[in-house]
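Structural overview for review
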Amino acid sequence: MTTLPYQAFLFDMNGTMIDDMDYHTKAWHQILNNDLQGSFSLEEVKAQMYGKNSEVLARFFGEDRFTQEEADQLSIQKEKIYQKEYLSHLKLINGLDAFLAKAKEQNIQMAIATAAITFNIDFVVDNLNIRHYFNALVSADDVDKSKPHPETFLKSAEALAVAPKKCLVLEDAPKGVEAAQNAGMDCLVITTMHGKEEFSQYTNIIGFVADYTDPQLERLLTGEGK
Ligand SMILES: O=P(O)(O)OC[C@H]1O[C@@H](O)[C@H](O)[C@@H](O)[C@@H]1O
């Protein structure tokens, strides 16, 4: 029997399972500038919007600007804008449906490990009818610190009862790859929003793919090498 290189796949969600990061950038841009009277460019927003929504708000306006309640309200407000704009475009990245089905057949444990709140995970998994593929869902609501802190990935590995070394993280963002590296996990990068050159400082990357039809992915499901 061939041994598979990884026992678990930990999927980042936004930008990795669905190609929606432009919609997050625009929703943040609207909240930060129109509702909160900031003056941030789309480029600044794109570079700084990683992690939990409360962390993003603190990064732009400082730790003391909002109470937890205000931050939670702004977070929901931002996700409602995002969901309304993105809904008619919502679909899995090419080839992911077949990849999930094959991984499930091979008994690979799978989790969604995201900085998004549960409200957005539900929006994605229920509209796309893919909840049954996942053995664990770890959201912003489940961790103290989000990416690049390793907590999201370590909690996911723990929930699946798989050692970090046996987990492969699938990510699209540099801060997510950094979180995987901090968790002692290998990472496969999906180049939806960030180019290969933006990841040069990381040592845990096993490959770059544009989508899930890339033949490189076969070896993860067949056990031929790592
Ligand atoms: O960890 P993931 O799945 O890439 O999600 C990240 C995004 O999740 C969104 O909900 C946040 O508002 C974004 O700011 C963040 O970049």
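Here is what the cut-offs are and how they apply
- Residues numbered from 1 in each chain as written.
- Predicted model: local features only at pLDDT ≥ 70, side-chain atom pairs only at ≥ 80, totals over all residues.
- Heavy atoms only, no water.
- UniProt positions renumbered as here; feature names shortened; annotations may be inferred.
- Domains from an automatic or database assignment.
- Buried area = accessible area lost by both parts, 1.4 Å probe.
- Salt bridge = Lys/Arg side-chain N within 4 Å of Asp/Glu carboxyl O.
- Helix = DSSP H or I, 4+ residues; strand = E, 2+ residues; numbered from the N terminus.
- Nonpolar A, V, L, I, M, F, W, Y, C, P; charged D, E, K, R; others polar.
- Patch = residues over 30% accessible without salt bridge, like charges linked within 9 Å, V, L, I, M, F, W, Y side chains within 5 Å.
- Areas by Shrake-Rupley, 256 points an atom, 1.4 Å probe, with all protein chains shown as cover.
- Lys, Arg positive; Asp, Glu negative; His and termini not counted.
- Charge placed at Lys NZ, Arg CZ, Asp CG, Glu CD.

Looking at an unreviewed UniProt entry, the chain carries the name Beta-phosphoglucomutase, with the source organism given as Rufibacter sediminis. Within the UniProt record for the chain, the comment given under Cofactor (unreviewed entry) is "Mg(2+)". The record in UniProt for the chain states the following under Sequence similarities (unreviewed entry): "Belongs to the HAD-like hydrolase superfamily. CbbY/CbbZ/Gph/YieH family."

Quick word on the domain arrangement of the chain
According to the domain assignment, the chain contains domain 1 (8-20 + 92-222) and domain 2 (21-88). For domain 1 versus domain 2, the distance between C-alpha centres works out to 23 Å. Both sides together, the interface formed by domain 1 and domain 2 hides about 1700 Å², and carbon and sulfur atoms give 63% of it. For domain 1, the biggest contributors to the area lost against domain 2 are Asp-20, Phe-123 and Met-193; these three give 37% of the whole. On inspection of domain 1 and its partner domain 2, the count reaches zero salt bridges. At four residues, helix α6 (residues 118-127) tops the list of elements feeding residues into the side of domain 1 that touches domain 2. Here the residues of the side of domain 1 that touches domain 2 sort into nine nonpolar, six polar and seven charged.

What about a negative patch on the surface?
A cluster of acidic side chains, namely Glu-69, Glu-70, Asp-72, Asp-141 and Asp-142, defines a negative patch on the protein surface. Following the sequence through the fold, Asp-141 ends up in the loop between β3 (136-138) and α7 (151-160).

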